[in-house]
Amino acid sequence: MKQLKSIVAALLALCLLLSVMGCGEYNGPIQRPEDSRPVGETGEEQGTEEGEDTSFSVTLMLNGEPFLPAEDEPLNAQWTDGFSFHAATFDENGKATVEGLDGDYKVTLSSVPAGLAYNPNVYTADNDHRHIEIELYEIIKTRGDGDDLYRCVSLTDPGVYQVTLNSADHVVLYEFIPRQNGQYSVESWVDVTANDVNPRLDVYMGTTAWKQFAYEQDDGGAASQYTKNFKYEVKVADENIGNAFTFGVKGDAKENKYPITVTFVVQLNGGFSWNRTKATIILPTENFKHAPEYDSTIYEFVGAESKDGTNNIFDGDRFALNEEDGYYHLIDETTGLPTGPILFAKVSEPCRFLDDAFTTLEYHGNKALTVSNGTENYKLFIEGWGAMMAMGQSMDMGYFCASGCPCWTSNACPGACVEGCENCTDQCTPCPEESIGASGYADYCNSDGCYPVTQELKDFLQKYSISQLLFRDGQGFVETSDVISVFATEADQWLFACGYYVEK
């Protein structure tokens, strides 16, 4: 009998040991990132006293406000502890909730709404932190194919970017030009729980004019067995501001299934913000008249460039302001006076060198119409109050976010402040009283999207070109355009969006 008891005791001990060991390797407690915080709290533990809600939930956030996925695009939150998998659909309040969880879980999304991204590798939940927020970020739109080392895709701001790769040999080359000193990083955001894509980064040394491959960065970020996210860091001193650093994004797909998408983020000191000062809202002073129409069967719109040998150039000396009508004209070669054709700028339609019109540039979530190192906001100047109202901004809000305001709404154009938002007045620029209902240049364009170039419109075009690096020692968007390559001196950049009508 004693022997039988000893055998039973030994078997119980063995079962207990096996139950503690489980089926996998123990890797220590899951580290919870700052982003994975309980809703409405900042890292405080959520109690589990008897009678309290013990569900786990996820809320999506965009620009500081809850984000509601479209009804026709079902989206799930996913919880996994490495052994079990749970999913819940986001409801009409933008929350996904699941019951019956107990332990530590990695939290991801089944998909991401078009134009948005998130970091799939930093969100966790446990019994003490059951309700979390997942921050969505707007993907910054880029231009170009990045298939040549000296015609890279140009990145001008920290933020979230995305690239589609069609094969293991496909590399997209980027050139980032810092405008502020600090510690910069380029990090991929590929889901390590999916474990089906392995992103890699080619690092180049040199300058805009001379570049040389240095090494491949294939680690440094979140990793799993197959997926190893890259993280490349570079320090930029004051004397290096304005110098470009170049990198190429590529990736391997498990089972060679292409195309693949790689999301990556460029950060400054761990964030996206430039910490710029409040921007002044620029209002037009033009006494607007509807731009004249030109019969397309009689007239054609031609660019403002001229020839200098075999090169196309923008020559500002060919145009001057006519004081009588307030518009720039082509100078008459006989009289030397600005009495030739009126010079127009493309405002509500894209010009040859931009994929978007000035009126839609900021629909991608950027602040492209804020220029002069972030000190001047031309959104109202271009779009007018009516266009912003059409995008959902309430006229009685009284504020217009010039840069970096956390009070943006997800259902309004970039820049709309939530009424009553705390600290909104500290981080947003109050709308001048005269801006309410003000017109913008887009309100008076002709059917070609053109308005005559005034002095203030010329000034905006010049500032925009400088802020977006459209001309850069032969490597700017305009100088390397596939449509037509045009060069300009520093003072003549504004002509990139301009042209005039001539008889056919």
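Residues numbered from 1 in each chain as written. Predicted model: local features only at pLDDT ≥ 70, side-chain atom pairs only at ≥ 80, totals over all residues. Heavy atoms only, no water.

**With respect to empty space enclosed by the protein**
Here is the rule we go by: Note on definitions: the grid is 1 Å and covers protein atoms alone; a cavity is a set of points where a 1.4 Å probe fits but cannot get out; a pocket is an open set with protein on both sides within 12 Å along at least five of seven lines; lining residues have an atom within 4 Å of a point. Grid points are joined across faces, edges and corners, and a volume is the space filled by probe spheres set on the points. Secondary structure elements are taken from DSSP: a helix is a run of H or I of four residues or more, a strand is a run of E of two residues or more, and numbering for both begins at the N terminus.
Taken as a whole and assessed by the stated rule, the structure comprises 1 cavity of 30 Å³ or more. What lines the largest cavity is simply Y204, M205, G206, T207, T208, K211, A244, F245 and T246. Of all the secondary structure elements, the ones that give two or more residues to the lining of the largest cavity are β14 (197-206) and β18 (245-253). For the lining of the largest cavity, the element with the most residues is β14, which contributes 3 residues.

**Considerations on the pattern of salt bridges**
Here is the rule: Each salt bridge in this description consists of a side-chain nitrogen of Lys or Arg and a carboxyl oxygen of Asp or Glu lying within 4 Å of one another. To sort residues, take the accessible area from a 1.4 Å probe on protein chains only and compare it with the maximum for the residue type: under 20% means buried, over 50% means exposed, and anything in between is partly exposed.
In total, this model carries 13 salt bridges according to the counting rule given. Between E233 and K231 there is a salt bridge whose closest N-O contact spans 3.9 Å. You can call E233 partly exposed: its relative accessible area is 46%. A relative accessible area of 29% means that K231 is categorised as partly exposed. Overlapping salt bridges, with partners in common, bring together R200, D202, E216, K250 and D252 in one network.

**Some points on the sheet that holds strand β21 (residues 299-303)**
Inclusion rule: Each pair of strands is called paired provided DSSP finds at least two bridges between the two strands. In this analysis, axes come from line fits to C-alpha atoms, helices being fitted only over the stretch in contact, and the angle between any two N-to-C directions falls in the range 0 to 180 degrees.
Taking strand neighbours across the sheet as the criterion, the 4 strands line up as β21-β33-β26-β31 in an open arrangement whose pairing is antiparallel. Of all strands in the sheet, those with a lone pairing partner are β21 and β31 (450-452), marking the two edges. The sheet shows a mean angle of 40° between the axes of neighbouring strands, taken without regard to direction. In this sheet, β31 lies alongside strand β26 (residues 344-346) in antiparallel orientation, the contact comprising 3 bridges. Along β31, the bridge assignment pairs K346 with C450.

**Some remarks on the confidence of the model for the protein chain**
The condition is simple: What pLDDT reports is the predictor's confidence in each residue, on a scale of 0 through 100. Residues count as neighbours in contact if any of their non-hydrogen atoms are within 4.5 Å of one another.
Looking at the protein chain as a whole, its pLDDT mean stands at 80, while 76% of the residues score no less than 70. In this model residues 390-418 is a low-confidence stretch, pLDDT under 50, and it forms 91 contacts with partners more than four residues away in sequence or in other chains. In the predicted structure, residues 420-428 sits below a pLDDT of 50 and forms 18 contacts with residues beyond four places in sequence or in another chain.

**Some remarks on a negative patch on the surface**
The condition that has to hold: Only residues whose relative accessible area exceeds 30% and that form no salt bridge enter a patch; like-charged residues are grouped when within 9 Å of one another, and nonpolar side chains (Val, Leu, Ile, Met, Phe, Trp, Tyr) when within 5 Å. Residue-level accessible areas treat just the shown protein chains as cover; the underlying method is Shrake-Rupley with a 1.4 Å probe. Only four residue types enter the tally: Lys and Arg on the positive side, Asp and Glu on the negative side, with His and both chain ends excluded. By convention, charge coordinates are those of NZ in Lys, CZ in Arg, CG in Asp, or CD in Glu.
A cluster of acidic residues, E71, D72, E73, D91 and E92, forms a negative patch at the surface. Along the polypeptide, E71 turns up in the loop between β2 (65-66) and β3 (76-80). We classify E71 as exposed; its relative accessible area is 83%.

**Quick notes on the packing of aromatic side chains**
Stated precisely, the cut-off is as follows: The aromatic pairing rule takes the rings of Phe, Tyr and Trp, using the six-membered ring of Trp, and pairs them if the centres are within 6.5 Å, calling planes under 30 degrees apart stacked, those over 60 edge-to-face and the rest tilted.
Evaluation of the coordinates by the stated rule reveals 35 aromatic pairs. A centroid spacing of 5.7 Å and a plane angle of 75° characterise the contact between Y204 and F213, whose relative ring orientation is edge-to-face. Relative accessible area serves as the criterion here: at 15%, Y204 is assigned to the buried category. Overall, F213 belongs to the partly exposed group, its relative accessible area being 43%. Judged by centre distance (6.4 Å) and plane angle (75°), the ring pair of F358 and F496 falls under edge-to-face. Residue F358 is located in the loop between β26 and β27 (370-371), and its partner F496 is located in the loop between β32 (486-488) and β33 (498-503); the two are separated by 138 residues in the primary sequence. Taking relative accessible area as the criterion, F358 reaches 2% and is therefore assigned buried. Pairwise contacts between aromatic rings join F288, Y327, F358, Y378, F381, Y441, Y444, Y451, F460, Y464 and F496 into one cluster.

**Topic: the environment of K106**
As a reminder, the rule being used: Think of a polar contact as two N or O atoms within 3.5 Å of one another; within protein, one of them needs to be a possible hydrogen donor and the other a possible acceptor, and neighboring residues in sequence only count if both atoms come from side chains.
Within the fold, K106 resides in strand β6 (residues 105-109). Along the backbone, K106 and T80 are 26 residues apart, and their C-alpha atoms lie at a distance of 5.3 Å. Every residue in contact with K106, bar those within four places of it in the chain, is listed here: Q78, W79, T80, P120, N121, V122, Y123 and T193. A polar contact is formed between the side chain of K106 and the backbone oxygen of N121, at a distance of 2.8 Å.

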